[in-house]
Protein chains: 2
Amino acid sequence: MDLSERQLQILQAIINDYVENAEPVGSRSIAKKYDLGVSPATIRNEMSDLEEMGYLTHPHTSAGRVPSDKAYRLYVNNLMKKKNLSARDKRLINERLQASRDEFDQTIRHAAELLSEITHLTSFALTPATNEETISFIRLLPVDERTLILMIVGESGNVTNTTLRLKVPYTQEMLDVLSKNMTVTYKGRTLDDVLRSHIIEDVGSDIEAMSAAMDALRGNVMPSFIRTLEDMLNVNLYMEGMTNIFNLPEYSSIDRARDFMQLFAQKDWFTQKMLQRGDGVVVTIGDENAKMKDCTLITATYHVDGKLVGKIGVIGPTRMKYDEVTAIMEYLTNNLSESFRLTGSSDSEQPGADDGSHEDDK
Amino acid sequence: MDLSERQLQILQAIINDYVENAEPVGSRSIAKKYDLGVSPATIRNEMSDLEEMGYLTHPHTSAGRVPSDKAYRLYVNNLMKKKNLSARDKRLINERLQASRDEFDQTIRHAAELLSEITHLTSFALTPATNEETISFIRLLPVDERTLILMIVGESGNVTNTTLRLKVPYTQEMLDVLSKNMTVTYKGRTLDDVLRSHIIEDVGSDIEAMSAAMDALRGNVMPSFIRTLEDMLNVNLYMEGMTNIFNLPEYSSIDRARDFMQLFAQKDWFTQKMLQRGDGVVVTIGDENAKMKDCTLITATYHVDGKLVGKIGVIGPTRMKYDEVTAIMEYLTNNLSESFRLTGSSDSEQPGADDGSHEDDK
DNA sequence: TGTTAGCACTCACTCATTAAGAGTGCTAAT
DNA sequence: ATTAGCACTCTTAATGAGTGAGTGCTAACA
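Below, the structure is looked at part by part. Since we're looking at a predicted model, the values are computed, not measured.

### Some points on the overall build of chain A
Next up, step 1: Secondary structure summary: chain A contains 12 helices and 10 strands in total.
Next up, step 2: Counting across all 362 residues of chain A, residues that qualify as buried make up 51%.
Next up, step 3: For chain A, the share of sequence-separated contacts (at least 6 apart) that also reach a separation of at least 24 residues comes to 62%.
Next up, step 4: On chain A, roughly 16800 Å² of surface is accessible, and the fraction owed to carbon and sulfur atoms is 47%.

### Points about the protein's contact with DNA strand C
Next up, step 1: Near DNA strand C lie 21 residues; those nearest to it are Ser27 of chain A together with Arg6, Thr42, Thr61 and Ser62 of chain B.
Next up, step 2: Ser39 of chain B is positioned with one of its backbone polar atoms (N or O) 3.0 Å from a phosphate oxygen of DNA strand C.
Next up, step 3: At 3.1 Å, a side-chain N or O of Ser62 of chain B approaches a base oxygen of DNA strand C.
Next up, step 4: Of all the secondary-structure elements, those providing two or more residues to the surface near DNA strand C are α3 (40-52) of chain A together with α3 (40-52) of chain B.
Next up, step 5: With 4 residues, the top contributor of residues to the surface near DNA strand C is α3 of chain B.
Next up, step 6: A per-class count over the surface near DNA strand C returns 4 nonpolar, 13 polar and 4 charged.

### Re the interface of chain A and chain B
Next up, step 1: Tallying the contact residues gives 37 residues for chain A and 37 residues for chain B.
Next up, step 2: Taken over both partners, the interface formed by chain A and chain B buries close to 3200 Å², and the fraction arising from carbon and sulfur atoms is 59%.
Next up, step 3: Interface area lost by chain A to chain B is led by Arg165, Phe246 and Ile254 of chain A, which between them contribute 18%.
Next up, step 4: Linking chain A to chain B there are 0 salt bridges.
Next up, step 5: Linking chain A to chain B there are 0 residue pairs in polar contact (both at pLDDT 80 or more).
Next up, step 6: For the side of chain A that touches chain B, the elements supplying multiple residues, two or more each, are β4 (135-142), β5 (147-154), β6 (159-165), α9 (212-233) and α10 (254-265) of chain A.
Next up, step 7: When residues of the side of chain A that touches chain B are assigned to their parent elements, the largest contribution, 6 residues, is made by α10 of chain A.
Next up, step 8: Its residues assigned to classes, the side of chain A that touches chain B shows 15 nonpolar, 13 polar and 9 charged.

### Some points on the pattern of salt bridges
Residues and elements named next belong to chain A.
Next up, step 1: Applying the stated criterion to the full structure yields 28 salt bridges over all chains.
Next up, step 2: Here Lys82 makes a salt bridge to Glu330, at a shortest N to O gap of 3.4 Å. Taken together, the residues Lys82 in the loop between α4 (69-79) and α5 (87-98) and Glu330 in helix α12 (residues 322-339) connect sequence positions 248 residues apart.
Next up, step 3: Residue class for Glu330 comes out partly exposed when judged on its relative accessible area of 32%.
Next up, step 4: For the salt bridge of Arg256 with Asp294, the shortest nitrogen-to-oxygen distance reads 3.3 Å. Taken together, the positions of Arg256 in helix α10 and Asp294 in the loop between β8 (282-285) and β9 (295-304) put the pair 38 residues apart, joining distant regions of the chain.

### Let's talk about the environment of Tyr331 of chain B
Residues and elements named next belong to chain B.
Next up, step 1: Inspection of the secondary structure assignment puts Tyr331 in helix α12 (residues 322-339).
Next up, step 2: Classification of Tyr331 as buried rests on a relative accessible area of 14%.
Next up, step 3: When the C-alpha positions of Tyr331 and Glu250 are compared, they lie 28 Å apart, and in sequence the two are 81 residues distant.

### Overview of the packing of helix α10 (residues 254-265) of chain B against helix α11 (residues 267-275) of chain B
All names here are of chain B.
Next up, step 1: One way to put it is that α10 packs onto α11 with a least axis distance of 5 Å and a crossing angle of 80°. The orientation of α10 relative to α11 falls into the category roughly perpendicular. Here α10 contributes Leu263, Phe264 and Ala265 to the contact with α11, which in turn contributes Lys267, Trp269 and Phe270.

### Here's the deal with unusual backbone geometry
Next up, step 1: A positive phi angle, close to 55°, is found at Met292 of chain A, a residue other than glycine.
Next up, step 2: Among the secondary structure elements, Met292 of chain A is positioned in the loop between β8 and β9.

### Notes on the sheet that holds β9 of chain A
Two strands in a sheet stick together by hydrogen bonds in their backbones, pointing the same way (parallel) or opposite ways (antiparallel).
All names here are of chain A.
Next up, step 1: With respect to topology, 5 strands assemble into an open sheet ordered β7-β3-β10-β9-β8, the strand pairing being antiparallel. Two strands bound the open sheet, and with one partner strand each, they are β7 (237-240) and β8. Along the sheet, successive strands turn relative to each other by an average axial angle of 15°, direction set aside.
Next up, step 2: Two strands pair when backbone bridges link them, and strand β3 (residues 122-129) and strand β10 (residues 308-317) are joined in this way by 6 bridges, in the antiparallel orientation. Each residue of the ladder has a partner; that of Leu126, found in β10, is Lys311.
Next up, step 3: Its contacts with the sheet put helix α6 (residues 104-119) on β3, β7, β9 and β10, and the angle it makes with β3 is roughly 155°.

### Quick word on α4 of chain A
Next up, step 1: Regarding α4 of chain A, the residues found buried are Ala71, Tyr72, Leu74, Tyr75, Val76 and Leu79 of chain A.
Next up, step 2: Packing partners of the buried residues in α4 of chain A comprise α1 (5-21), β2 (66-67), β8 and α12 of chain A.

### A look at the relation of the copies chain A and chain B
Next up, step 1: The two copies are related by a screw operation: chain A maps onto chain B through 180° of rotation and 0.0 Å of translation along the axis, at an RMSD of 0.1 Å. The operation mapping one copy onto its partner corresponds to a two-fold rotation axis. Residue Ile254 of chain A of chain A places its C-alpha closer to the rotation axis than any other residue of that unit, at 2.8 Å.
Next up, step 2: A share of 100% of the interface residues of chain A reappears at the interface of chain B, consistent with the copies meeting face to face through the same patch.

### Looking at the packing of aromatic side chains
Two aromatic rings, taken as a pair, are described by how far apart their centres are and by the angle between their planes.
Residue and element names in this part refer to chain A.
Next up, step 1: For the structure on display, the rule yields 16 aromatic pairs over all chains.
Next up, step 2: A centroid spacing of 5.8 Å and a plane angle of 50° characterise the contact between Tyr302 and Phe340, whose relative ring orientation is tilted. Within this pair, whereas Tyr302 is found in strand β9, its partner Phe340 is found in the segment after α12, the two being separated by 38 residues in sequence.
Next up, step 3: Members of the aromatic cluster, joined through ring pairs, are Phe124, Tyr251, Phe260, Phe264 and Phe270.

### Here's the deal with the protein's contact with DNA strand D
Next up, step 1: The environment of DNA strand D is formed by 20 residues, the closest being Arg6, Thr42, Thr61 and Ser62 of chain A together with Ser27 of chain B.
Next up, step 2: Class assignment for the residues of the surface near DNA strand D results in 4 nonpolar, 12 polar and 4 charged.

### Considerations on the sheet that holds strand β3 (residues 122-129) of chain B
Residue and element names in this part refer to chain B.
Next up, step 1: Strand order in the open sheet formed by 5 strands is β7-β3-β10-β9-β8, and the pairing between neighbours is antiparallel. Sheet topology places β7 (237-240) and β8 (282-285) at the edges, where each strand pairs with a single neighbour. When strand polarity is set aside, the average angle formed by the axes of neighbouring strands in this sheet is 15°.
Next up, step 2: Bridging between β3 and β7 involves 4 bridges; their strand directions are antiparallel. Pairing of Leu126 across the sheet is with Leu237, part of β7.

Analysis parameters
Residues numbered from 1 in each chain as written. Chains lettered and ligands numbered in written order. Predicted model: local features only at pLDDT ≥ 70, side-chain atom pairs only at ≥ 80, totals over all residues. Heavy atoms only, no water. Helix = DSSP H or I, 4+ residues; strand = E, 2+ residues; numbered from the N terminus. Buried < 20%, exposed > 50% of the residue type's maximum accessible area, 1.4 Å probe, protein only. Contact = heavy atoms within 4.5 Å. Areas by Shrake-Rupley, 256 points an atom, 1.4 Å probe, with all protein chains shown as cover. Near = heavy atom within 4 Å. Polar contact = N/O pair within 3.5 Å; in protein donor to acceptor, adjacent residues only side chain to side chain. Nonpolar A, V, L, I, M, F, W, Y, C, P; charged D, E, K, R; others polar. Buried area = accessible area lost by both parts, 1.4 Å probe. Salt bridge = Lys/Arg side-chain N within 4 Å of Asp/Glu carboxyl O. Axes fitted to C-alpha atoms, helices over the stretch in contact; angles between N-to-C directions. Parallel < 35°, antiparallel > 145°, perpendicular 65-115°, else oblique. Pairing = 2+ DSSP bridges. Least-squares fit on C-alpha atoms with pLDDT ≥ 70 in both. Phe/Tyr/Trp six-rings, centres within 6.5 Å; stacked < 30°, edge-to-face > 60°.

Have a look at this one:
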């Protein structure tokens, strides 16, 4: 049961209006603002049909219509036109993202900040999942007689370290041997793989001719090694612009605001949810989000070295400017991926720097 | 103009009652609940005097009295009795804090989490300020032909690193020389000191006989070195239990809640404010906090290796259980400091493990 | 002189009533 | 098929009475 051209126009108009004003929209105001060449009465009839089909709802009998999740879904899939970023937003992204390109977590956090600033919504960013990261080398560095630093370096420049205090003394030579030994054993394997295999069999026992002292050192180091690997797998979540939602009428009731805020108190749960989402720009609307029933979630992925994948996203009410937000996120993630192509390089060309070609500043 | 014994009793009673119920307290209910041996009329007279002296306020003529900031101040300074932690809270702290003692930031964050859980308020924790941290050694590690890792290690086991990509190739030997050279130059100096001196004079130019290649390498590394030092100085702020305030009647209006939340959106500002506060348990009430006029802020300090100083704190309405919260924070920070005496050791005795001696579980 | 009982008065809060306004849904005319 | 007209519904804001908690004052009391 397809929608007629006119019905689509009306639906589009209602969505536009509602996204703008956050108030149920009536037939008369549609007729006035959008020049559809029909009277309010006709529009009323169409609206009634649209409601029957589930695209609109009625807060109460004598109120205007409000788009349903289904309507937004239709809009996003079929009606929405690709929007060009305003020159201002492009400039903002280009400038602000460039500034902090060498510190990884910093950059991600900045990106989230920027995103919430531009969209006026709550945003978040996840550092890349490193399951697939492979180990490059392992190093043990002396600090004092009993303290040393364990350092694990991944192929993509990821570095994690722990300071550990031993119960047994060690020599520089012992550290060198163990470092080399561990590097030989684990080099080229993914973190996931190493962790899994370590649980099953006590890897590394293939090393022959180990002195008692070395054995003791090894016994001291291995638990830390495992813990550090686990630490390396951890993904960081940054949230920005939470208070933005206080400006939106849908969160003017304290209960709604509380519910919203509490979603993010469970950072771990939220992180898991986000990691499960698909690649590219993904939009889930209202009911499509198990919890968060009256939110829309838009996520997008960025790449590091074309391999590791991180996520960035915004959360807001289902009433949002889908065209703008998706456009921003696409641009932003492209930009991020480009920045992370060569970690730490600082003189590559800025991607998508086609400023001034199209312009539609608000 | 001192307060009479009876006035103090009445003030104390009003504070107790108000802290409990968050509602203006009237003369009659005081007379009934607290056995002061005087009639409501007498209490009314005293209350009137207390109001004149600025210890109480009137929301409106026909309402009960509410303690003023001045009253809370008096209470904290003179009236409040040291409270013993409930056995339950002690156990909670001992157990939960022990679990994650080797990862620094983790532990701090856990402590904040715990604090907000026990107090039902919003809490935060700052990692230690490292201005006074001294450099132990600097290491440069090769990753591939053009990529290397710069690692700075502080005396207290603090480690920070960056991955940097060079424009010039290098050899292992060059790295060794430069590492050693930098270590010799900076070892034993504080981060602050190094950063300051580096701005004034280009340190390290005293090194003679440097080849052109070494010079280039050095030129590539130094900016990262400075940036990494700055990074090392950065203090991390963790906030927990923000949504707890939604359960408090003082934040039942959306505006109050918004204002509260927005305080923490400016993380940098907040961090600065907190760093400026004194050592030990510090309580600032209402107006004493420039912004945050109707909050009370309680902070306490913990130590790392008896030297570096970090902060932990709670924020809530001026109406709070000062005795309990300060007791908890004292216990918690002692515990933390003890945990951090030997970073990374995992078999020291648990401090303050005198469970069961006093008990007043709620 | 300090304490207390009594009482008038104030003010917030609740609840019901009313009126206004926006918008629908139906019907009949075009 | 479209539209004008109109009754009907429901929300929202404003008004006002009634209620109750609590004060402040005064006069009596020990």
